[in-house]
Amino acid sequence: MRNKRFMPELPEVETTVRDLRKIILGRKIEDVWSDFKKMIKRPKTLGQFKKEIIGRKIQKIWRRGKNIIFELSQGKALLLHQKLTGHLLYGTWDIKHGTWKPKEKGPLEEKINTYIHLLFVLDNGKMLALSDLRKFAKVELWDKKELGEELKDLGLEPLEKSFIFQKFKGCLKEKRGKVKQVLMDQTVIAGIGNIYSDEILFEAKIHPFKEIEKLSDKEFKRIYQATRKILSKAVEAKGESISDYRTLSGEKGGFDPLRKVYRREGEKCSRCDTNIKRIKLAGRSAYFCPKCQQL
DNA sequence: TGCAGTGTTGCTTC
DNA sequence: CGAAGCAACACTGC
C-alpha cells in the first residue's frame with residue numbers, strides 16, 4: 001500500500017472523541033510538554049499555554065466538523081484540529097531532556113510515536129499525546145464563551161437529527177461549482193473530506209464533476225441519503241484504515257473493506273466491473289466509476 | 001536521484 | 001465578491 005497517511009475526516013474524529021470520553025473525561029491536566037511551539041496557536045507562547053492549562057479538569061469532549069473540543073474547568077476550552085496527519089494517542093512516555101520515549105510496548109512503539117510533538121500529563125499518570133508527521137495540526141485555548149464565534153462558519157453536522165433533506169438541499173443550492181468540491185466545503189457540511197466525498201458520490205451514482213445547479217431533486221436525495229449512510233457506516237466501523245490510522249488504543253479502523261472507490265484506480269467497480277478512474281479536481285484526486293457515475 | 005503526489009486549511013492574488 | 005494557487009511540512013513512490 002502506497003502513501004500510508006492518516007487523514008481524519010468526520011468518522012475518524014468521531015471515533016476519537018468517543019474513545020476520549022471513555023478514557024480521559026474528568027481527568028486533570030498536570031503538565032504539558034511540547035517540542036514544536038508553532039502547533040500551539042493560542043495563547044502565543046508555550047509558557048502561557050502551560051500556565052493557563054495546568055490544573056484544569058477535562059469536563060466535556062465533543063466534535064464540530066473535524067475539530068475536537070475539550071471543555072476545561074473554569075470556563076476554558078481546548079480546540080484541536082488534526083489536519084492531515086495528526087494522531088491522538090493515550091499511554092505513558094518518559095519525558096527527559098526535551099525529548100521522550102515510550103514506557104510501554106505494543107502499538108505505542110509503532111512509527112506514529114516518532115512524531116509526537118505535544119504531550120498532556122494527566123492526574124492518573126497516563127498521558128495524551130499528539131503525534132503529527134507533517135506538523136499541520138493546530139491547538140488553541142479559548143474562553144468557552146468565545147467558541148461559538150470561533151466555530152460559526154462551519155456548516156451542517158451530517159450525523160445530527162437536525163440534518164434533514166430540505167436543509168441539506170438548501171445549503172448545497174446556495175453554492176455553485178462541482179458537487180465534490182461543494183461536499184468538501186466545510187461551511188456547507190462540516191466533516192467531509194476527500195475520501196468520504198468520493199465514497200458518498202459513488203454510493204449516490206453521481207459524477208464528482210457534476211455542477212450543483214444541474215442536480216435534479218432525485219439526485220439531491222440520493223446524495224443526501226448516501227451522505228448519511230456512508231458516514232454512519234464509517235463511524236460504526238470506527239473509521240478508515242488505509243492509512244496508518246489507529247484508534248486511541250492503537251486498533252485499526254474497519255472502514256477499509258467498505259471503501260469502494262477511493263484509491264482504487266484501475267480496480268474493478270464493485271457494481272459493474274468497469275475500471276475505477278481517477279481525475280484531478282482543484283489539485284486533488286477524485287476516484288469514481290465512469291459507468292455508474294456519469295455526467 | 002529528484003520531483004510529483006499525498007490532504008486540510010487559511011492566506012494571497014487576480 | 002469568488003476562484004485559484006500556494007504555503008505550512010515530511011515522506012513515499014516512481
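Figured I'd write up the structure that's included with this text. Values in this document were obtained by computation on a predicted structure and should not be read as measured data. (Residues numbered from 1 in each chain as written. Chains lettered and ligands numbered in written order. Predicted model: local features only at pLDDT ≥ 70, side-chain atom pairs only at ≥ 80, totals over all residues. Heavy atoms only, no water.)

**Here's the deal with the overall build of chain A**
A tally of regular secondary structure across chain A gives seven helices and 13 strands. For a compact globule of 295 residues, the expected C-alpha radius of gyration is about 19 Å, and chain A comes in at 20 Å, within 12% of that figure. Residues classed as buried in chain A amount to 52% of the 295 residues present. Sequence-distant contacts in chain A: of pairs separated by 6 or more residues, those separated by 24 or more amount to 64%. Carbon together with sulfur atoms contributes 48% to the accessible area of chain A, which is approximately 14000 Å² in total. (Helix = DSSP H or I, 4+ residues; strand = E, 2+ residues; numbered from the N terminus. Rg over C-alpha atoms; globule rule 2.2 N^0.38 Å. Buried < 20%, exposed > 50% of the residue type's maximum accessible area, 1.4 Å probe, protein only. Contact = heavy atoms within 4.5 Å. Areas by Shrake-Rupley, 256 points an atom, 1.4 Å probe, with all protein chains shown as cover.)

**Description of the protein's contact with DNA strand B**
As a structural note, the neighbourhood of DNA strand B is formed by 20 residues, with His 81, Leu 84, Tyr 262, Arg 278 and Arg 284 the closest of them. Each atom of DNA strand B within 4 Å of the protein was classed as base or backbone; sugar and phosphate made up 76%. At 3.1 Å from a sugar or linking oxygen of DNA strand B is found a side-chain nitrogen or oxygen belonging to Arg 263. Within the contact set of DNA strand B, a phosphate oxygen lies 2.3 Å away from a side-chain nitrogen or oxygen of Arg 278. Within the residue set of the surface near DNA strand B, elements represented by two or more residues are strand S12 (277-281) and strand S13 (284-288). (Near = heavy atom within 4 Å. Polar contact = N/O pair within 3.5 Å; in protein donor to acceptor, adjacent residues only side chain to side chain.)

**Here's the deal with the pairing of S13**
Look at any regular strand and the pattern is simple: side chains alternate between the two faces of the sheet. With respect to burial, S13 is a largely interior element, four of its five residues being buried. Relative to S13, S12 runs antiparallel, the two being bridged by five bridges. Bridged to Lys 277 within S13 is Phe 288. In this antiparallel pair of consecutive strands, S12 and S13, the connection spans two residues, and Ala 282 shows a positive phi of 50°. (Pairing = 2+ DSSP bridges.)

**Things to note about the packing of helix H1 (residues 10-24) against helix H7 (residues 217-236)**
When two helices pack together, their arrangement is captured by the angle between the axes and the distance separating the axes. Orientation of H1 relative to H7, taken along the N-to-C sense of each, is 40°, at an axis distance of 9 Å. The pairing of H1 with H7 is recorded here as oblique in orientation. Handedness of the H1/H7 crossing: right-handed. Across from Leu 10, Pro 11, Glu 14, Thr 15 and Arg 18 in H1, the residues of H7 making contact are Leu 231, Ala 234 and Val 235. When its residues are assigned to classes, the contact of H1 with H7 shows five nonpolar, one polar and two charged. (Axes fitted to C-alpha atoms, helices over the stretch in contact; angles between N-to-C directions. Parallel < 35°, antiparallel > 145°, perpendicular 65-115°, else oblique. Left-handed = near helix turned anticlockwise from the far one by under 90°. Nonpolar A, V, L, I, M, F, W, Y, C, P; charged D, E, K, R; others polar.)

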